[in-house]
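Now for the letters of each chain:
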Amino acid sequence: MERTGLALAAALVTLRFMEKLDACIRNHDREIEKMCNFHHQGFVDAITELLKVRADAEKLKVQVTDTNRRLQDAGKEVIAQTEEIIRCRVQQRNITTVVEKLQLCLPVLEMYSKLKEQMKVKRYYSALKTMEQLENLYLPRVSQYRFCQIMIENLPKLREEIKEISMSDLKDFLESIRKHSDRIGETAMKQVSLGQILLVIYQQIICVLSFITSSFPQVLTAQDLVDFSPVYRCLHIYSVLGDGEIFENYYRKQRRKQARLVLQPQSSMHETVEGYRRYFSQIVGFFVVEDHILHVTQGLVTRTYTDELWNMALSKIIAVLRTHSSYCNDPDLVLELKNLIVVFADTLQGYGFPVNRLFDLLFEIRDQYNETLLKKWSGLFRDIFEADNYSPIPVANEEEYKIVISKFPFQDSELDKQSFPKKLPMSQSVPQIYIQVKEFIYASLKFSESLHRSSTEIDDMLRKSTNLLLTRTLSSCLQNLIKKPHIGLTELVQIIINTTHLELACKYLEDFISNITNISQVTVHTARLYGLSTFKDARHAAEGEIYTKLNQKIDEFIQIADYDWTMSESDGRASGYLMDLINFLRSTFQVFTHLPGKVAQTACMSACQHLSTSLMQMLLDTELKQISMGAIQQFNLDVIQCELFASSEPVPGFQGDTLQLAFIDLRQFSVGAPSSTGLLLNPVGGIMRASSKKNNIFAQFRKNDRDKQKLIETVVKQLRSLVNGMSQHT
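Remember, predicted model here, so these are calculated numbers, not experimental data.

Draft legend 1. Representation of helix H22 (residues 629-647) in the model. The first and last C-alpha atoms of H22 sit 26 Å apart over 19 residues, in line with the 27 Å expected at 1.5 Å per residue. Once H22 finishes, Glu649 follows within two positions and takes phi at roughly 50°, a positive value.

In structure tokens, the structure reads:
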């Protein structure tokens, strides 16, 4: 570079020298001309002198030319290097310009590269922010370049791609929570159940509550079970793109569709408790998600929206539960359903949803639960009655006696004085029925738990359901039992005794309910048990059945009666069928010793009256055309036997001849003359006319019961006149 500089300097010096030299020559030429003009001679002299220096000038010219040549040769390299320097300076200037332009473009490219990377890793919200910076800050600086135009054209496409991807993620999220709603709901309901258990434990064992609660795992939330980031991303993306309202409408529309699907139960849901549990879990999961979205997003869902959705869902839930619960015939399943509804209601109430209508529904289901209990206990009662032997309970020792009275509240001071072995008056079904009534009360109480009702209301529920058990179920079972053909007189007597003791035990059932609910029986609003009317009606039915069966038995004996109305003389003793009948009545009335006095007396009087009426009907039979004296004597012996039976006081407690009055009408028929023999007719030829008259009178007797006594008196008079006429003829 130094040499180049020196050569360049020399060339410049030479150039300047040549310029100076030319200038000097021209000056000298002018001076010479002047001189010549002035001094021609001097000019000539000068020319002469110049000619003298011509050689020197030539020499000098050669030297200058040589010097110039040498300077030119030396300057070529300088010129070449100078041109290189100029080119380099241009390149440097171009590079500087490029660097400046690249410095403007590099941030754009870096941001675009960042955008691509954000798209790759699915950071779409950040990508949208990057796009916004590119459009507003970076791209305007370099908009003149073609690649910027390409970028500008691609940005809307990228936005649409982000919208589509985020919407796809949202759809996947919605599908995911639809599938996992039951798990979310199940977790939430388990936490509520756990909280209720802890509350009970806290109320019972306060001192160890902190230890118990610390032993349970941390409470899970919906966010712990579900990744909500797709919703957040999609919401932010649509908000940034200015389409937030479109996203909100789409989300709510899709969730409403999912709500309808969730609320649609399976047709077999009522068959198992798992069907109900899954149904409730899905609904709880749905609303837990919506509650979470409500609290962590702004405006995506609102309280008004969730309340409207819940009211729609609640109406559907209640309709579904009404329909499906009506199919439940198993009280255990109904009870499980009730517990699920309580947990379901408590869970959603914890999230701020009103659930009063669900608890109102529980009262409807409670009635159904009671109905299923009544059906179940009806079967239990029938089984108990079928298995009963209807005999007093034998107790061999004190231990057996205590076992019985531990099951049934029985007190009898007279029986306590007796030594073992002895028999309790009731049969085995009585303590079993009493135990089952208590079990029914426990079962009914289970439904009343967790209903957030006062003790007074629970007490009223228990008493009403127990009254239904007594007045409907047990009463119906007793009535059906009494009407069964295989239940005889002995069993009916025992049933009357059993109902008496069950009626006395009702006060202990009332005490039992009061002890459960801690509500005193003296409370004004406390309902009473209707056991008195229930068992009284059953006793009346049993008594009526006793009367009916006695009469039926009497009819059976009467049907085998075979009177020979034309016999010449009697057998001298009462008829065999009548003696068998009387023996049957005696043995039957001995069983009545444990019955209340009026019942036994009524049964005895009814039997005697029916026997008397049946015997009288034999005489009043329209087909009976004639009666011989022997037949009358035989019939009279049977009547006498009936009177002897009545006078023997088969059932104690009758005053005077009260029972014998049952046969008074029959005696009036069988007494002709007022003699002790009681003979009525003799076999003579005029009997047919008398019989005809008798039949006419008897026919009138049947037509008008009000004239019964008058007709009887008329018949007696006619019979007496016939007897007197026959006696005179004899």
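Draft legend 2. Focus on the confidence of the model for the protein chain. Residue-level pLDDT values for the protein chain average 80, and 85% of them are 70 or greater. For the protein chain, the element scoring lowest by mean pLDDT is helix H5 (residues 209-214), at 39; helix H15 (residues 429-448) scores highest, at 92. Ignoring residues within four places in sequence, the model shows residues 198-217, a span with pLDDT below 50, making 8 contacts including any to other chains. Confidence drops under pLDDT 50 across residues 672-708; counting only partners more than four residues distant or on other chains, this segment forms 60 contacts.

Draft legend 3. Geometry of the side chain of Thr588. As for its position among the elements, Thr588 is in helix H20 (residues 576-591). By relative accessible area, which is 7% here, Thr588 ends up buried. A distance of 2.8 Å separates the side chain of Thr588 from the backbone oxygen of Phe584, its partner in a polar contact. Look past the residues within four positions of Thr588 in its chain and what remains in contact with it is Leu489 and Leu550.

Draft legend 4. Molecular detail of empty space enclosed by the protein. Scanning all chains against the criterion turns up 4 cavities of 30 Å³ or more. In this structure, the second largest cavity encloses a volume near 60 Å³. Listing elements by their share of the lining of the second largest cavity, those giving two or more residues are H15, helix H16 (455-483) and helix H17 (489-504). In terms of residue count, H17 provides more of the lining of the second largest cavity than any other element does, 4 residues in total.

Draft legend 5. Fine view of the pattern of salt bridges. Summed over the entire model, instances satisfying the criterion amount to 25 salt bridges. Between Lys163 and Asp243 there is a salt bridge, and its shortest N-O distance comes to 2.8 Å. Here Lys163 is found in helix H4 (residues 146-204), whereas its partner Asp243 is found in the loop between helix H7 (229-240) and helix H8 (244-263), with 80 residues between them in sequence. Assigned by exposure class, Lys163 and Asp243 land together as buried. Overlapping salt bridges, with partners in common, bring together Asp66, Arg69, Arg70 and Asp73 in one network.

Draft legend 6. Local environment of the layout of surface pockets. Of the volumes computed, that of the largest pocket is approximately 600 Å³. Leu21, Ile25, His28, Leu50 and Ala57 are, among the 18 residues lining the largest pocket, the residues nearest its centre. Secondary structure elements with two or more residues in the lining of the largest pocket: helix H1 (2-38) and helix H2 (40-120). Ranked by the residues each element gives to the lining of the largest pocket, the list is headed by H2, at 10 residues.

Draft legend 7. Spatial organisation of the packing of aromatic side chains. Using the criterion set out here, one finds 23 aromatic pairs in the structure. Here the aromatic rings of Phe228 and Tyr232 are separated by 6.5 Å at their centres, their planes lie at 25°, and the arrangement is stacked. Exposure class is identical for Phe228 and Tyr232. Each is buried. The interplanar angle of 55° and the centroid separation of 5.7 Å between the aromatic rings of Tyr563 and Phe635 together place this pair among those described as tilted. Of the two residues, Tyr563 sits in the loop between helix H19 (531-559) and H20 while Phe635 sits in helix H22, which places them 72 residues apart along the sequence. Accessibility assignment for this pair places Tyr563 and Phe635 in one class, buried. Pairwise contacts between aromatic rings join Tyr279, Phe280, Phe286, Phe287, Trp310, Phe344 and Phe353 into one cluster. Here Lys422 stacks its cationic end above the ring of Phe420, 4.4 Å away from the centre of that ring. Taking NZ or CZ as reference, Lys553 lies 5.7 Å from the ring centre of Phe584, over its face.

Definitions and limits used
- Residues numbered from 1 in each chain as written.
- Predicted model: local features only at pLDDT ≥ 70, side-chain atom pairs only at ≥ 80, totals over all residues.
- Heavy atoms only, no water.
- Helix = DSSP H or I, 4+ residues; strand = E, 2+ residues; numbered from the N terminus.
- Expected span 1.5 Å × (residues − 1).
- pLDDT = per-residue confidence, 0-100.
- Contact = heavy atoms within 4.5 Å.
- Buried < 20%, exposed > 50% of the residue type's maximum accessible area, 1.4 Å probe, protein only.
- Polar contact = N/O pair within 3.5 Å; in protein donor to acceptor, adjacent residues only side chain to side chain.
- 1 Å grid on protein atoms, 1.4 Å probe; cavity = no way out; pocket = protein on both sides within 12 Å on 5 of 7 lines; lining within 4 Å.
- Points joined across faces, edges and corners; volume = space filled by probe spheres on them.
- Salt bridge = Lys/Arg side-chain N within 4 Å of Asp/Glu carboxyl O.
- Phe/Tyr/Trp six-rings, centres within 6.5 Å; stacked < 30°, edge-to-face > 60°.
- Lys NZ or Arg CZ within 6 Å of the ring centre and 35° of its normal.

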